[in-house]
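Residues per chain are reported as follows:
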Amino acid sequence: MSTEPNPSEQTEAVVSDFIREIVAADVASGKNGSAVVTRFPPEPNGYLHIGHAKSICLNFGIASEHSEGRCHLRFDDTNPTREEIEYVHSIQEDVRWMGFDWGVNQFYASDYFEKLFQFGLELIRSGRAYVCDQSAEDFKRDRGTPTVPGTPSPWRNRTVDENLDLFQRMRAGEFPDGARTLRAKIDMGSPNIHLRDPGLYRIRHAHHHRTGDQWCIYPIYDYAHCLSDALEKITHSICTLEFEVHRPLYDWILQQLPVPAHPQQIEFARLNLSYTVLSKRKLLQLVQEGLVSGWDDPRMPTLAGLRRRGYTASGIRAFCKRIGVTKYNGLTDIALLEYSLREDLNKKALRTLAVLRPLKVEILNYPEGQVEQLEAINNPENPEAGKRLLPFSRTLYIEQDDFMEVPAKKFFRLIPGGEVRLRYAYILKCEAVIKDADGAVIELKCSVDLDSKSGGPTAGRKIKGTIHWVSAAHALETEIRLYDRLFTVESPDGDSEGRDFKTFLNPRSLETIPNAKLEPSIVQASPDQSYQFERLGYFQMDAKDSKPGRPVFNRTVTLKDSWVKTG
RNA sequence: UGUCCGAUGGUGUAAUGGUAGCACAAGGCCCUUUGGAGGCCUUUGUCAUGGUUCGAAUCCAUGUCGGACAGCCA
């Protein structure tokens, strides 16, 4: 008996990484009572993208691999000036779509504002924090630089009582924005800038999407995040590499306060994808400047965009598994994402015949008015997907690209006098080429080998090429959108000459085909079903712009094409 | 002349002192009523120099290169 796992078991096999090893060791040693509690902590200031998917798969994945594990969804909503409720909803939808469930564990950093304020008072009482009256400019000047130590604020040695009074009056709204901050008293000479008396609270008279006008002071990330983690008794607080230098501050704050837990912060490398930008700031810019149609534009690397384009959650999950988790800051080839997607779509997509750029074909020896219903396979990779009928008649459309009057080398599709097989139908022979006044080919007069239909006496004849087709009288006209990468260079945001990332936008990232011809069965299409238009690629019905009887299809990704044009 | 982190084929990763392996990409072949899928094969790698060791991608030292950090953003 073979003990080798079957392929499907292999794809489900859990792959480990350095973070999972840490978690497993902690569980084994009984640390945290062997509990595993992670969290995914987005700021609701933009849509989630493929980079977040990596973090979602990591945090929810680790939690699901431990029997009592759980992962919290926590909105890091400490900056009311950029956060919106629309983003909260989109984040919830996207995490669910990715296939994860946070159950009752949905939280907001703003849930903890009162506790955080009390902790602030506590820090003041113990002499670990003070109210500083410096302006932002002075604060910046005195902070020093990575190589030059900072100098202490003149307000550093206020009395506890004065600090307590001032902090409470900050909360009460007595001071304008920016007039004062609460600062931790740590070490202005520290080689780590984040330990040079970092700000903990700032004054912002702004309306918060959850707490309304209840607060006019808001905690800063470094202060709110570690305490939120601790209050939720997170065991492993997983974040990206840029927070590595913040870790001493994370630990310092928790050490000063009577918190119920001290989570371990672990950093990993964020995803960088070739030909893509993955920064919320830049994505927001594309949206705001109208360079894309919105956060869910199918060219966007957002989960909403990818979903609309036709990417599947399982394909994205497979990609995340494939790229692994390390501390190496690299650039992942987008081909890896596309491979993961094709692999998934190949198993799921319903095959369809569609002609993007129609060329009319009249079959001279096929009876006028006759219609045959030919059997076609919905998915050769999955017999359970069944079969369908395809109408065939005297007048067809084939792809313009599938005919060449003067064939290139190794072109084995239709040529004058040559034969090609029509998928699921007959062997077709080109008898004559009709051109317009400008010499452009506008129609082909053909004949068909009437014995060559699938199962017929000459069906087995050796014919080099097989092309797709659609019966003209039965075709459904639709709009098809062909997408290409949004940027023309590998690293659009890493330009050494300081050029803006928008310089590299691909002007041909979208091509619209207004009148493609599709086989009639496609009227039943749904935006939840993946399709493969044979020989062309994977397509998804657009959930937004499709109308009854006139669907719009987005090209998700092309088929891998091993035919390279010569000459 | 700061602190922290990192470096394995073109790309992403594995090997946890004991045969450098996998996937993608690239190339070749077979098969095919999708130039898809599938099958087989090939090319290419431990940043450098020392040290420890019977044995080093792994441990140590030094160097080189790369990244993060100077928001009252997260």
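Residues numbered from 1 in each chain as written. Chains lettered and ligands numbered in written order. Predicted model: local features only at pLDDT ≥ 70, side-chain atom pairs only at ≥ 80, totals over all residues. Heavy atoms only, no water.

Right, let's get into helix α4 (residues 85–97). Spanning 13 residues, α4 covers 19 Å between terminal C-alpha atoms, matching the ideal 18 Å at 1.5 Å per step. Listed as buried for α4 are Y87, V88, S90, I91, Q92, D94 and V95. Buried residues along α4 sit against β1 (37–40), α3 (50–64), β2 (70–75), β3 (106–108), α10 (280–288) and α11 (303–309). At the C-terminal side of α4, G99 shows a positive phi close to 100°. (Helix = DSSP H or I, 4+ residues; strand = E, 2+ residues; numbered from the N terminus. Expected span 1.5 Å × (residues − 1). Buried < 20%, exposed > 50% of the residue type's maximum accessible area, 1.4 Å probe, protein only. Contact = heavy atoms within 4.5 Å.)

By the assigned domains, chain A splits into domain 1 (7–108 + 223–340), domain 2 (113–221) and domain 3 (351–474). Here the C-alpha centre of domain 3 lies 49 Å away from the C-alpha centre of domain 1. (Domains from an automatic or database assignment.)

For the rest of this paragraph, the subject is the sheet that holds β2. Read from one edge to the other, the open sheet built from three strands follows the order β1-β2-β3, with strand pairing classed as parallel. The open sheet has two edge strands with one neighbour each: β1 and β3. Strand after strand, the sheet turns through a mean of 35° between neighbouring axes, direction not considered. Summarising the sheet, β2 and β3 pair through three bridges and their orientation is parallel. Bridging from a neighbouring strand, L73 pairs with Q106 of β3. On the sheet, α4 packs against β1, β2 and β3 and is oriented at approximately 160° with respect to β2. (Pairing = 2+ DSSP bridges. Axes fitted to C-alpha atoms, helices over the stretch in contact; angles between N-to-C directions.)

Moving on, we come to the protein's contact with RNA strand B. Within the structure, RNA strand B sits among 67 residues, and E21, R204, R351, Q532 and R535 are positioned closest to it. Sugar and phosphate atoms constitute 64% of the interface atoms of RNA strand B, taking the interface as everything within 4 Å of the protein. Measuring from a sugar or linking oxygen of RNA strand B, one finds a side-chain N or O atom of N329 at 3.5 Å. In this structure, a base nitrogen belonging to RNA strand B sits 3.0 Å away from a main-chain N or O atom of K410. Of all elements in the fold, only α6 (136–143), α12 (313–323) and α13 (334–348) reach the threshold of two or more residues within the surface near RNA strand B. Residues belonging to the surface near RNA strand B are distributed by class as follows: 23 nonpolar, 21 polar and 23 charged. (Near = heavy atom within 4 Å. Polar contact = N/O pair within 3.5 Å; in protein donor to acceptor, adjacent residues only side chain to side chain. Nonpolar A, V, L, I, M, F, W, Y, C, P; charged D, E, K, R; others polar.)

Burial within strand β9 (residues 264–268) is extensive, with four of its five residues counted as buried. As judged from the five bridges shared by strand β8 (residues 236–240) and β9, these two strands associate in the parallel manner. Paired with I238 across the two strands is I266, which belongs to β9. With helix α9 (residues 247–256) bridging β8 and its parallel neighbour β9, the resulting β-α-β unit is right-handed. (Right-handed = clockwise from strand over helix to strand, strands pointing away.)

In the structure shown here, the tally under the stated rule is 21 aromatic pairs. Ring centres 6.1 Å apart and planes at 65° place the aromatic pair Y366 and Y426 in the edge-to-face group. Within this pair, whereas Y366 is found in the loop between β12 (358–363) and β13 (372–377), its partner Y426 is found in the loop between β16 (419–422) and β17 (427–435), the two being separated by 60 residues in sequence. Given the relative accessible area of 4%, Y426 is considered buried. In this structure an aromatic cluster arises from ring pairing among F113, F117, F167, Y201, W215, Y218 and Y223. Note that R171 overlies the ring of F117, its terminal NZ or CZ placed 4.6 Å from the centroid. Lying across the ring of W97, R307 places its NZ or CZ 5.1 Å from the centre. (Phe/Tyr/Trp six-rings, centres within 6.5 Å; stacked < 30°, edge-to-face > 60°. Lys NZ or Arg CZ within 6 Å of the ring centre and 35° of its normal.)

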